[in-house]
Amino acid sequence: MSFIPVSEDSDFSYQNLPYGIFSTSSNTTPRIGVAIGDYVLDVSAVQHFFSPELAGCCINNQSTLNALMGGGRAVWTEFRNTLLKVLSRDEPCLRDNMGLRAQAIIPMADVTMHLPANIGDYTDFYSSRNHATNVGTMFRGKDNALQPNWLHLPVGYHGRASSVVVSGTGIRRPNGQVLPTPTATTPVFAPCKLFDFELEMGFFVGPGNHHGSPITMETAADHIFGMVLMNDWSARDIQKWEYVPLGPFNAKNFGTTISPWVVTMDALAPFKLPHEPKVDPSPLPYLKEDDSYSFDIKLFVSLQGETMSKPEVVSRSNFKYMYWSMRQQLVHHSVTGCNMRPGDLLGSGTISGVEDGELGCMLELCWKGTREVKLGESGEVRKFLKDGDNVIMTGYAQGNGYRVGFGRCEGKVLPANKI
């Protein structure tokens, strides 16, 4: 345990120690921080406790986590083990140095969080079978819910890295081409009316691969640095008109929100679930897994309208509902020889469970506009998002007396630009 007090319901336990990039009003330089309880450890202030090689390549003058991400498994292990030692209640080096503690341990309320990485490329997958089945049923009928390829490969598309933003950034309702009525065949230019959130998780790539050399299943885990919460905002009416034949474009390129703290795979290791091989059909050999890479992470979406006194939960899901794993997504992405790079972001796709209360977007919750979603005891209802709605995603893995959590992935809907 740590000498820093941490409540049992804190996302940021001593067992977690997620990494992020922060600044303060007194020092506006973005730098690496570690979340623990209600505090942030300024890693630059304690870098002398790390080996000179690690501090030089991954801490000193680093305004993103990209260098650490690219360092690989041995560097990640040394970095985490050093933090565990420095923050331990049995280690005096920081515990008993009150001057250094005042400099290095900063109240979380006093920091500003930034994107954790320079994101070179962003890919979004479509890997929750429940979600894909629900959406397919709405638009193609139950008998044709899944496309023929879905059970054979992790379906994905290339997103827009430039519009990935950190939690707390407002998201403006997009304008675009939409069909004015269900039977219309000619579009109009108008603000999106069917504005939606998508409950996702994302992972950051660690060391990359050389162009032309795929990542294999045997080594894939060594290329996965850590995870964040993700809201991949969606303009459903814009998407409906534009997506044939190449898939979503403007309906998805205007904003993707991620939580600022990257939770490492080492912290999540205790929450790995038993292996359940896919057998109907069995994946092609390059996608087969011999062990589990599925994790028990509880996920929540809350919504607070402008006139509501508090957020109300609209969805409770779990990362365990993913059909294709992060390893399979990464291996499939690189199987052609596509070169991945440290800091690349890969999204899970909307994560939906089997019950109505576990659905990961408003499209499913309102079932394509056929039912209203009640917002708790507020008296308000929704089918899709209104201007001023604040969408808050949270998530954690529950241990014995501690949590490994992700903080908040939050964004407020801003009015569309005037046409």
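Think of each chain on its own: its residues are numbered from 1, step by step along the sequence as written. Per-residue local features are limited, in this predicted model, to residues with pLDDT of at least 70; the limit for side-chain atom pairs, both in listing and counting, is 80 or more; totals at the level of whole chains, interfaces and linings are taken over all residues. Where side-chain values are given, they derive from all heavy atoms of the structure, hydrogens and water being excluded.

### Brief notes about the sheet that holds strand β9 (residues 171-172)
Right, so step 1: When DSSP finds at least two bridges between two strands, those strands are taken to pair. Secondary structure elements follow DSSP: runs of H or I of four or more residues count as helices, runs of E of two or more count as strands, with numbering from the N terminus. Judged by pairing direction, the sheet is mixed, and its 5 strands sit side by side in the order β9-β24-β23-β18-β19 without closing on themselves. In this open sheet, the two strands that pair with only one neighbour each are β9 and β19 (312-318).
Right, so step 2: Bridge count for strand β18 (residues 298-304) against β19 is 6 bridges, and the pairing is antiparallel. Bridge pairing in β19 links serine 302 to valine 313.

### Considering the packing of aromatic side chains
Right, so step 1: Here the aromatic set is Phe, Tyr and Trp, taking the six-membered ring for Trp, and pairing holds for ring centres within 6.5 Å; pairs whose planes are under 30 degrees apart are stacked, those over 60 apart are edge-to-face, and all others are tilted. Using the criterion set out here, one finds 12 aromatic pairs in the structure.
Right, so step 2: With centroids separated by 5.2 Å and ring planes inclined at 80°, the aromatic side chains of tyrosine 293 and phenylalanine 295 adopt a geometry described as edge-to-face. For the residue pair tyrosine 293 and phenylalanine 295, the accessibility class agrees, reading buried in each case.
Right, so step 3: Taken together, the ring pairs in this structure connect Tyr19, Phe50, Trp76, Phe79 and Phe225 into an aromatic cluster.
Right, so step 4: In our convention, an over-ring charge means Lys NZ or Arg CZ found within 6 Å of a ring centre and within 35 degrees of that ring's normal. One residue, arginine 403, lies across the ring of tyrosine 396, its end atom 3.8 Å from the ring centre. Note on exposure labels: buried denotes an accessible area under 20% of the residue type's maximum, exposed denotes more than 50%, and partly exposed covers the range between, all computed with a 1.4 Å probe on protein chains only.

### Topic: the pattern of salt bridges
Right, so step 1: Throughout this description, the term salt bridge denotes a Lys or Arg side-chain nitrogen within 4 Å of a carboxyl oxygen of Asp or Glu. Taken as a whole and judged by the stated rule, the model has 17 salt bridges.
Right, so step 2: As a salt-bridge pair, lysine 252 and glutamate 198 come within 2.8 Å of each other at their nearest N and O atoms. You can see lysine 252 sitting in the loop between α7 (236-242) and β16 (256-258) and its partner glutamate 198 sitting in the loop between β12 (195-196) and β13 (199-205), a full 54 residues away along the chain.
Right, so step 3: You can call lysine 252 buried: its relative accessible area is 8%.
Right, so step 4: Among the salt bridges present, the one from glutamate 312 reaches lysine 310, with a minimum N-O distance of 2.8 Å.
Right, so step 5: Among the charged side chains, a network of salt bridges with common partners joins Asp196, Glu198, Asp232, Arg236 and Lys252.

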